[in-house]
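# Structural overview for review
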Amino acid sequence: MSKRTIVALPGDGIGKIVVEESIRVLKAAGFEAEYVEGDIGWEFWRKEGNPLPDRTIQLIEKHKIGLFGAITSKPKDAAFEELAPELQEKGLVYSSPIVGLRQHFGLDICMRPCHTYKGNPLNFIRRGVGDTIEEPEVDVIIFRQNTEGLYGGVEWSNPSDLVYNALLTHPKFVKNFGSVPKEEISVSTRIFTKEGTERILRASFEYARRYGYKSVTLCEKPNVIRETSGMMYKMAMEMQKADFPEIELWNTNIDAQMMWLTKNPENYGVIVAGNMFGDIVSDGFAGLIGGLGFACSAQFNPDTGIGVFEPTHGSAPKYVGYDKSIVNPIAMIESACMMLDFIEENDISTKIRKAVAEVIEEGKVRTYDMMKMPGRPEVIDKGAATTQDMTDAIIAKL
Ligand code: NAI
Ligand code: MG
């Protein structure tokens, strides 16, 4: 079989650092592939007025698998100011290239696992009965609808007459906002489609069945957001009844879930949610297993086999430019493992995950976050591992 080609999308800031580290691990673990680099991120917005150039889309179209670091995004006005002067007249508007990638390729299934690592000093603990301390084991995977909802990008400030008049057809708009001047109104829509909702629900139920989870928890707010969350809940009930009778469907509201996740995180397994609530609940659970240095994700389109694998953290610009890099590469390395699972290289992903788990449990090599230090250059002198030290330790275990 010919070697696979992986599109490396380092992006900005620490994305560039961690992608390189993950490739070192993949190579050391015996994954045979070629890597081509795709341009994405702030630099390309500033220079070309497009953070997601067409050539990058074409590369992903061709090779199907992307390993993505992180990008820097800034608000509208700041983005405009940093644009090359010759591009400022062109009426370009910045939008996030990772959201753009998800929508362009219909990467609507996003999976974010959060598993406790034995021996991680950042593991969540809680007070038990009497003076006991409990360290509940978290084994959760969040299925986040990745292309619709509040991140769908259908939004306006000072909407056009056409949009405003459409809003006026809704009695609640008239009652609650009818007296507000149009110029003072901003609207972000939350659009759910039946197709998108069906796909994420089914992916979550199928995963639960395949890996023996007894329940799927829908984490939305159907009692208040009646049309979108309400539709999702209704469809989940119908799907469970018709196709997954052996799996229980639990329904929690996003706000209550944020409370439950520190009270009894061990009770949850597969969680499914729309785009925004999936984003929120996955960061919430990530906090229980060590935070952004450990949180990985996969996003893909099952129909085309196109997938992009990324840590959930951003580009952490304040940590760039240190003589020695301090950030934790594990989230990125775990994302690379999800990539391996997706292309059915499970032997290699299992090997890497075992190595990561061993390094964490042994506790000799720990990045600054694992030592609970503020992220400054001095952490290395105080005994924290560099990014490369952590990668080397993982490679040594392989
Ligand atoms: P961030 O995730 O970049 O950093 C927040 C904090 O988390 C850091 O200051 C650091 O303390 C910690 N952290 C992040 N990654 C870490 C790692 N690997 N190891 C150890 N600690 C780590 O989020 P922030 O600061 O809100 O955003 C920075 C930029 O990243 C913004 O421009 C934002 O738009 C962008 N961003 C991009 C994302 C993406 O590419 N998918 C996701 C989130 C933010
Ligand atoms: Mg997020």
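Residues numbered from 1 in each chain as written. Chains lettered and ligands numbered in written order. Predicted model: local features only at pLDDT ≥ 70, side-chain atom pairs only at ≥ 80, totals over all residues. Heavy atoms only, no water.

For the rest of this paragraph, the subject is the domain arrangement of the protein. We note that the domain assignment places domain 1 (1–106 + 303–398), domain 2 (124–150 + 192–288) and domain 3 (155–188) within the protein. Centre-to-centre separation of domain 1 and domain 2, based on C-alpha positions: 26 Å. In this complex, domain 1 contributes 5 residues to the contact, which on the side of domain 2 involves 5 residues. The three residues of domain 1 that bury the most area against domain 2 are Arg102, Gln103 and Asp303, which together make up 71% of that side's buried surface. (Domains from an automatic or database assignment. Contact = heavy atoms within 4.5 Å. Buried area = accessible area lost by both parts, 1.4 Å probe.)

Pairing is mixed in the open sheet, where 10 strands are placed in the order β2-β1-β3-β14-β13-β4-β7-β12-β10-β11. The two strands at the open ends of the sheet, each matched to only one other strand, are β2 (33–37) and β11 (248–253). Geometrically, the sheet is characterised by an average inter-axis angle of 25° between neighbouring strands, direction not taken into account. Bridge analysis of strand β1 (residues 4–11) against strand β3 (residues 65–70) gives 4 bridges, and the strand direction is parallel. Bridge pairing in β3 links Gly11 to Ala70. Lying over the sheet, helix α5 (residues 97–104) contacts β1, β3, β4 (109–115), β7 (139–145), β13 (296–301) and β14 (306–311), oriented at roughly 155° with respect to β14. (Pairing = 2+ DSSP bridges. Helix = DSSP H or I, 4+ residues; strand = E, 2+ residues; numbered from the N terminus. Axes fitted to C-alpha atoms, helices over the stretch in contact; angles between N-to-C directions.)

Tallied over the entire structure, the rule returns 28 salt bridges. A salt bridge links Glu310 to Arg102, with the shortest nitrogen-to-oxygen separation between them at 3.0 Å. Linking Glu310 in strand β14 with Arg102 in helix α5, this pair joins segments that are 208 residues apart in sequence. The exposure classification of Glu310 matches that of Arg102, with both residues buried. A salt bridge links Asp341 to Arg353; the shortest N-O distance between them is 2.8 Å. Here Arg353 lies in helix α13 (residues 346–362) and Asp341 lies in helix α12 (residues 330–342), a separation of 12 residues in the sequence. Judged by its relative accessible area of 28%, Arg353 falls in the partly exposed class. Each of the salt bridges in this network shares a partner with another, and the network as a whole consists of Lys16, Glu43 and Lys47. (Salt bridge = Lys/Arg side-chain N within 4 Å of Asp/Glu carboxyl O. Buried < 20%, exposed > 50% of the residue type's maximum accessible area, 1.4 Å probe, protein only.)

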